[in-house]
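# Residue-level structure breakdown
The lines below spell out each chain.
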2 protein chains.
Amino acid sequence: MKTADPELMRAINRYHVIDTIRRDGPIARVEIAARTDLSPASVSAITAQLMEEGLIDIHHVAPGGDAVRGRPRVLLGLNPAAYTVVGVKLTAFRIGIAVTDARGGSLSSLVLPIRVARQSPEVVADLVEDGVRRCVADAGLAMDRISGVGVGLPGVIDGIDGVSHWSPVLGGTPAPFAAAVSRRLGVPVLLENDANLVAVAEHWFGLGRDQTAFAVVTVENTIGLGLIVDGKLYRGAHGIGPALGHTRLVPGGLPCRCGLRGCLDAYASDWGLLRMAEEAGLLPQGDDAPDRIEGLVQRALAGEVAAAALFRGAGQAIGIAVSNLVNLLNPPRVILTGEGLRAGPLLREPLLEAVAENMLPTLKDGTEILFHSWGDEMWARGAATIMLRRIYEAPWNATT
Amino acid sequence: MKTADPELMRAINRYHVIDTIRRDGPIARVEIAARTDLSPASVSAITAQLMEEGLIDIHHVAPGGDAVRGRPRVLLGLNPAAYTVVGVKLTAFRIGIAVTDARGGSLSSLVLPIRVARQSPEVVADLVEDGVRRCVADAGLAMDRISGVGVGLPGVIDGIDGVSHWSPVLGGTPAPFAAAVSRRLGVPVLLENDANLVAVAEHWFGLGRDQTAFAVVTVENTIGLGLIVDGKLYRGAHGIGPALGHTRLVPGGLPCRCGLRGCLDAYASDWGLLRMAEEAGLLPQGDDAPDRIEGLVQRALAGEVAAAALFRGAGQAIGIAVSNLVNLLNPPRVILTGEGLRAGPLLREPLLEAVAENMLPTLKDGTEILFHSWGDEMWARGAATIMLRRIYEAPWNATT
DNA sequence: CATCTTTCTAAGGAGCCCGAAATAACCAAG
DNA sequence: CTTGGTTATTTCGGGCTCCTTAGAAAGATG
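Residues numbered from 1 in each chain as written. Chains lettered and ligands numbered in written order. Predicted model: local features only at pLDDT ≥ 70, side-chain atom pairs only at ≥ 80, totals over all residues. Heavy atoms only, no water.

Definition in use: UniProt positions are given in the numbering used here, feature names are shortened, and annotations may be inferred rather than shown by experiment.
Per an unreviewed UniProt entry, chain A is named ROK family transcriptional regulator, and its organism is Falsiroseomonas algicola. The Sequence similarities (unreviewed entry) field of the UniProt record for chain A holds the comment "Belongs to the ROK (NagC/XylR) family."

Here is the structure:
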C-alpha cells in the first residue's frame with residue numbers, strides 16, 4: 001500500500017496544477033493559484049518544475065485580468081512537444097495510425113485498408129509495426145522520439161496487462177498483443193478497448209472535459225461502452241472494462257458472434273445489421289467488407305424502406321440499451337459516438353424516442369444524451385491519451 | 001478544491017490505519033505498520049489519537065507473532081461503544097428499527113408491522129419517530145447518546161440530500177424524508193437506497209470485506225442494486241444510486257409500477273410475483289399483505305406446479321439481469337441477498353442457470369456469484385454503516 | 001517617473017513522516 | 001529472584017513540504 005508521505009502530497013498538488021492547465025487552457029499562475037487554492041508561491045515552484053521537465057510551456061503574455069495595468073500575466077499551457085505518441089486503431093477492415101503530440105494534435109496519419117480479422121495476432125502485430133514505422137517516418141521523426149503507442153480495438157480487452165481476451169479483430173484466443181507490438185517497436189505499448197479509449201479522449205479533449213462522471217457509447221462494428229467514474233476510467237475485474245454490446249436485449253433473440261443470443265450487437269452493430277440485411281434478402285451473403293455497410297446506409301438514406309427499417313430498428317435497440325444503462329447507473333451524461341451513427345437522423349430519432357420511452361421518468365431531468373461525431377483525428381487522440389494518462393495519472397489512485 | 005496539505009496526508013494515513021483495523025480485526029500496531037507500510041512511529045501516533053477519540057480500543061494482549069518471546073503485542077480493534085446509531089428499514093409492510101453499536105452489534109430491535117405504503121411521508125416520519133424513541137429506550141439509552149439514524153428504503157433515493165424521488169414506500173412525489181425525521185428526533189439522519197445500504201454493510205462487515213469493487217443485488221419487494229467501486233459507493237447523477245429493477249428485460253412486456261413495461265421488477269420482485277399470480281388465477285385480487293407472498297412461497301415449495309413456475313421464472317429473470325450486469329460492468333464479485341431469496345433452490349437454480357447461459361464465456365472465470373442470506377440484524381448494520389461512513393470516509397474523495 | 005499587478009524569492013512556522021534510540025513488557029535460564 | 005534476550009511501543013530529532021508574510025524584481029500603463 002502506498003502511504004501518504006510528503007512526496008504524495010507534492011504529487012497531488014502537482015496533479016491539480018497540471019489538471020487545471022489542461023482543463024482551463026492557457027492560464028496564468030495567479031489564476032491557477034486561485035482555482036486550486038494553492039498559494040502563489042507553491043504554484044510558482046510547481047510550474048517551474050513542470051517547465052523544466054517540458055510538460056508545460058509559456059504560451060504568450062497577456063495583459064492582466066480586469067485592469068490592463070500591472071505586470072502582464074504569463075499564460076501557461078500544455079507543451080505539445082513534451083511527448084510524441086502514436087495512436088493505433090484496429091477495426092475489422094482497417095488499421096488506422098496517427099502520430100500525435102501531447103495535446104492530441106496530429107503530426108501525420110495513415111490508414112491501412114486491410115481486413116485485419118482474417119490475420120493472426122502475430123501477423124497483425126507485424127502490420128502494425130510496419131504502419132507505425134512508416135507513419136513516424138512521415139512525421140519526420142525517429143522512433144526514439146516516440147514515448148509510447150496506444151492501441152485501441154473492440155472486444156474484451158485487459159487494459160492493464162495488455163491482453164485481448166476476445167475481439168472481433170484479434171479473435172477469441174487470449175493474445176498478449178501489447179507485448180507483441182512493444183517487442184517489435186521497442187517502445188511502451190498500451191492496449192485498450194476502443195470505447196474506453198474514446199471515453200478517456202472525451203474526458204481530456206471532448207465533451208467530458210468538465211465532467212467527473214459520464215458514459216460513452218461507441219457504435220461501430222460493435223457497440224462499446226466506456227465509463228468515467230470519479231474522474232477515472234472504470235474497470236471491472238482484471239482490468240477488463242465495461243461492455244454494452246452483449247447485454248441481452250431480447251432473450252432468445254438473434255444469435256450473436258459471442259455465442260449468445262439476443263445481444264444488442266446482433267441488432268445494432270455493423271456486424272448485426274449486415275447479418276439482418278442478408279437474412280432479409282437485402283444483401284447477398286458475403287464477408288464484412290467496409291463498403292457493404294456503406295452501401296446499406298446509402299440505400300436507406302435514399303429511401304429504401306426495408307433498409308431504413310433496419311437502421312430504425314438499430315436505433316431503437318441502442319435507445320433501449322442506453323435507457324437501461326441510464327436506469328441502471330444513472331450517469332449524468334451519456335455521449336454517443338462512432339461511425340455507426342453515419343445513418344444520421346434515421347438512427348438517431350428512433351434512438352432518442354426509445355430512450356425517452358424507456359427511461360425512468362424520475363431520471364429524465366438529470367441526464368443529458370449527447371451525440372459527438374468524430375473525425376479520424378479524434379480516435380488518434382484517444383489512443384494518444386491513454387499514453388498521456390500514464391504520465392498525468394492522478395496520484396491518489398496509487399494509495400489503495 | 002481541497003489542496004494537499006499535511007492535514008490531508010495525516011487524514012489519508014489515518015484512514016489507512018482505521019481501514020486496516022476494520023478489515024483485519026483486532027491487530028497489533030507492528031502488524032498495522034507492516035501492512036500499511038507506515039513506520040511504527042506513525043502508527044503509534046495515529047492509534048494514540050484514535051484511542052483518545054474513542055474510535056478504537058485495546059482488545060487484549062497476545063503473545064508476539066511467531067515466537068512467544070518478547071513484549072506481547074497489544075491488539076487494537078474498533079470500539080463498539082464509540083458510537084451508537086439507529087438503523088431503520090422501511091418496506092411496504094413494515095418498519096424495522098434496530099439500535100446498534102459501532103461494530104454493527106444490535107442493542108435492541110423492533111418491528112412495526114404497518115402497511116407503510118398507504119401513509120403519507122409525514123405520517124411515516126411520525127411512526128419512525130415513535131419507533132426510534134421506543135427502541136432507544138428499550139436499549140436503555142437516552143436520545144442524546146445516539147450519533148445518528150440511517151434509513152434504508154427501496155426506490156430512487158438521493159442519498160446526499162436525503163430526498164426520496166420515487167419509492168414504493170413513500171410514493172412518487174419527492175419527499176425530503178431525512179430532514180423530516182431529523183427534525184423530529186433532533187439527530188442527523190441519512191436516507192439511502194436499501195441496496196446501497198446493504199452494499200456498504202457487505203463492504204464493512206460481510207462478503208465484501210476484502211474487496212475493493214463488487215455489486216450487491218437485493219431481491220425483495222423490488223430488485224435493488226448497490227455498487228462498490230474503488231472502495232466507494234457508486235452514485236450516479238445527483239446522489240442517486242444505481243438500480244437494477246427497472247432495466248428493460250422484455251421490451252413491451254408486463255407493466256411495472258414505474259409506468260414502463262417489461263421491467264425486471266415486473267417479473268421477479270415480490271410485487272411482480274403477486275401480480276403474475278393474480279393474473280394466473282393463483283391468488284385473488286388483493287393488496288400486498290406480507291402473508292400473501294409467504295403463502296405463495298409455501299405453495300411453491302409444497303410442489304404446486306403453477307406457483308413453482310412463477311418462482312423459477314423469477315429466478316431466470318434475475319439471472320438474466322445479473323448476467324447483463326456482469327457483461328456490462330464485469331464486477332469481480334456479485335452478492336445476491338434479500339428476503340426474495342426465501343424460495344431457496346426453487347429460485348436459485350434457474351437463476352444460476354440463466355447466469356451461466358447468458359454470461360460472456362470470457363468473463364466466467366473472473367466473476368464470483370455469491371448468495372448471502374441475512375438475518376434481520378444485518379440490514380440494521382447496513383443502516384448503521386451509512387452513519388459510520390460519515391466518520392470513516394476516505395479522505396481523498398475530498399481532493400477533487 | 002509613479003503606479004499597478006504579477007511573479008519570484010526568502011524567512012519563519014507548523015505538521016507530518018521517518019530513522020534511531022530509548023523504554024516497556026514479558027520470557028527463560030541461571 | 002535476578003539478569004539477559006527478545007520483541008513491541010514510544011520518544012526524539014532531522015528533514016521534507018506546505019503555508020504565510022513580506023519584500024523585491026519585472027513588466028506594463030499613464
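Having seen the structure, we can now continue with the description.
## Describing the pairing of strand β4 (residues 84–90) of chain B
Moving residue by residue along a regular strand, the side chains alternate between the two faces of the sheet. All names here are of chain B. Just so we agree on the cut-off: Exposure categories follow from relative accessible area, calculated using a 1.4 Å probe and restricted to protein chains: below 20% of the type maximum is buried, above 50% is exposed, and the middle band is partly exposed. The numbering of helices and of strands both runs from the N terminus, where a helix is a DSSP run of H or I of at least 4 residues and a strand a run of E of at least 2. For two strands to be treated as a pair, DSSP must find no fewer than two bridges joining them.
Among the seven residues that make up β4, seven are buried, leaving the element largely enclosed by the rest of the structure. What you see with β4 is no split at all: T84, V86, V88 and L90 on one side and V85, G87 and K89 on the other are buried throughout. Relative to strand β5 (residues 95–101), β4 is paired through seven bridges, and the arrangement is antiparallel. Across the sheet, the residue bridging to L90 is I95, located in β5. Joining the antiparallel neighbours β4 and β5 is a turn of four residues.

## Notes on the relation of the copies chain A and chain B
To keep it simple, the criterion reads: The copies are overlaid by a least-squares fit using only the C-alpha atoms of residues whose pLDDT is at least 70 in both copies. We call two residues in contact when some of their heavy atoms are within 4.5 Å.
Mapping chain A onto chain B leaves a residual RMSD of 0.2 Å; the transformation is a rotation of 180° accompanied by 0.2 Å of translation along its axis. As the rotation angle and translation indicate, the two copies are arranged about a two-fold axis. When you check the interface residues of chain A against chain B, 100% turn up at the interface there too, and the contact is symmetric in its surfaces.

## Re the packing of helix α8 (residues 270–279) of chain A against helix α10 (residues 305–329) of chain A
Residue and element names in this part refer to chain A. Convention followed: Fitted lines through C-alpha atoms serve as axes, helices being fitted only where they are in contact, and the angles separating the N-to-C directions of these axes extend from 0 to 180 degrees. Should an angle lie under 35 degrees it is considered roughly parallel, over 145 roughly antiparallel, and from 65 to 115 roughly perpendicular; all remaining angles are considered oblique. Take the far helix as your reference; a near helix turned counterclockwise from it by less than a right angle gives a left-handed crossing, and one turned clockwise gives a right-handed crossing. Basically, the charged four are Asp, Glu, Lys and Arg, the nonpolar ten are Ala, Val, Leu, Ile, Met, Phe, Trp, Tyr, Cys and Pro, and anything else, Gly included, counts as polar.
Their axes nearest at 11 Å, the elements α8 and α10 cross at an angle of 140°. When the interaxial angle is binned, α8 and α10 end up oblique. Where α8 crosses over α10, the two elements pack in a sense that is right-handed. Packed against α8, whose contacting residues are L273, M276 and A277, the element α10 presents L310, F311 and A314 at the interface. Residue composition of the contact of α8 with α10, by class: six nonpolar, no polar and no charged.

## Focus: the protein's contact with DNA strand C
We apply this condition: The cutoff for a nearby residue is simple: one of its non-hydrogen atoms must lie within 4 Å of the molecule or strand. Whenever a nitrogen or oxygen atom comes within 3.5 Å of another N or O atom, the pair is scored as a polar contact, on the condition that within protein one atom can donate a hydrogen and the other can accept it, and that pairs from neighbouring residues in sequence are kept only if both atoms are in side chains.
Close contacts around DNA strand C come from 23 residues, with S44, G70 and R71 of chain A together with R10 and N13 of chain B the closest. When the atoms of DNA strand C within 4 Å of the protein are grouped by moiety, sugar and phosphate amount to 76% of the total. Within the contact set of DNA strand C, a phosphate oxygen lies 2.7 Å away from a side-chain nitrogen or oxygen of N13 of chain B. Taking S39 of chain B, its side chain carries an N or O atom lying 3.0 Å from a phosphate oxygen of DNA strand C. Looking at the surface near DNA strand C element by element, the count peaks at four residues for helix α1 (residues 6–23) of chain B. For the surface near DNA strand C, a count of residues per class yields nine nonpolar, seven polar and seven charged.

## A closer look at empty space enclosed by the protein
All names here are of chain B. Applicable threshold: Grid points spaced at 1 Å and placed over the protein atoms alone form the basis of the search, with a cavity being a set where a 1.4 Å probe fits but cannot get out and a pocket an open set showing protein on both sides within 12 Å along at least five of seven lines. Lining residues have an atom within 4 Å of a point. Grid points are joined across faces, edges and corners, and a volume is the space filled by probe spheres set on the points.
Summed over the entire model, instances satisfying the criterion amount to seven cavities of 30 Å³ or more. Space inside the largest cavity adds up to approximately 200 Å³. Surrounding the largest cavity, 23 residues form its lining, G155, V156, N193, A243 and H246 being those nearest its centre. Those elements giving two or more residues to the lining of the largest cavity turn out to be β8 (156–158) and β12 (223–229). For the lining of the largest cavity, the per-class residue count stands at twelve nonpolar, nine polar and two charged.

## Points about the domain arrangement of chain A
Residues and elements named next belong to chain A. As a reminder of what qualifies: Just so you know, the domain bounds were taken from an automatic or database domain assignment. Summed over both partners, the accessible area (1.4 Å probe) lost when two parts come together is defined as the buried area. The term salt bridge refers to a pairing of a side-chain nitrogen on Lys or Arg with a carboxyl oxygen on Asp or Glu at a separation within 4 Å.
In terms of domain boundaries, chain A breaks down into domain 1 (6–81), domain 2 (83–200 + 378–399) and domain 3 (209–371). Centre-to-centre separation of domain 2 and domain 3, based on C-alpha positions: 24 Å. Between domain 2 and domain 3, the contact holds 22 residues from the first and 28 residues from the second. A combined buried area of about 2000 Å² lies between domain 2 and domain 3, and 60% of that area is made up of carbon and sulfur atoms. In terms of surface lost to domain 3, no three residues of domain 2 exceed F93, N196 and A199, which account for 26% of the buried area on that side. Of the charged contacts, one joins E339 and R94 as a salt bridge, the two residues approaching to 3.2 Å between their closest N and O atoms. In this structure, the connection of domain 2 to domain 3 is made through three residue pairs in polar contact (both at pLDDT 80 or more). Ranked by the residues each element gives to the side of domain 2 that touches domain 3, the list is headed by helix α6 (residues 194–205), at five residues. Per-class residue counts for the side of domain 2 that touches domain 3 are twelve nonpolar, four polar and six charged.

## Details of the interface of chain A and chain B
In this assembly, 61 residues from chain A lie in contact with 61 residues from chain B. Counting the surface lost from both chain A and chain B, the interface buries some 4900 Å², and carbon and sulfur atoms represent 65% of this. At the junction of chain A with chain B, the criterion picks out zero salt bridges. In this assembly, chain A and chain B are joined by four residue pairs in polar contact (both at pLDDT 80 or more). Those elements giving two or more residues to the side of chain A that touches chain B turn out to be α1 (6–23), α2 (29–36), β9 (163–166), β12 (223–229), α10 and α11 (345–358) of chain A. At eight residues, α1 of chain A tops the list of elements feeding residues into the side of chain A that touches chain B. Across the side of chain A that touches chain B, the residue classes tally to 33 nonpolar, 19 polar and nine charged.

## A few points about the sheet that holds strand β10 (residues 189–193) of chain B
Residues and elements named next belong to chain B. If you trace the five strands from one edge of the open sheet to the other, you get β6-β5-β4-β7-β10, paired in mixed fashion. Taken across any chain shown, the strands that pair with only one partner, and hence form the sheet edges, are β6 (106–112) and β10. Across the sheet, the mean angle from the axis of one strand to that of its neighbour is 15°, orientation sign disregarded. Here five bridges tie strand β7 (residues 146–153) to β10, and the two strands are oriented parallel to one another.

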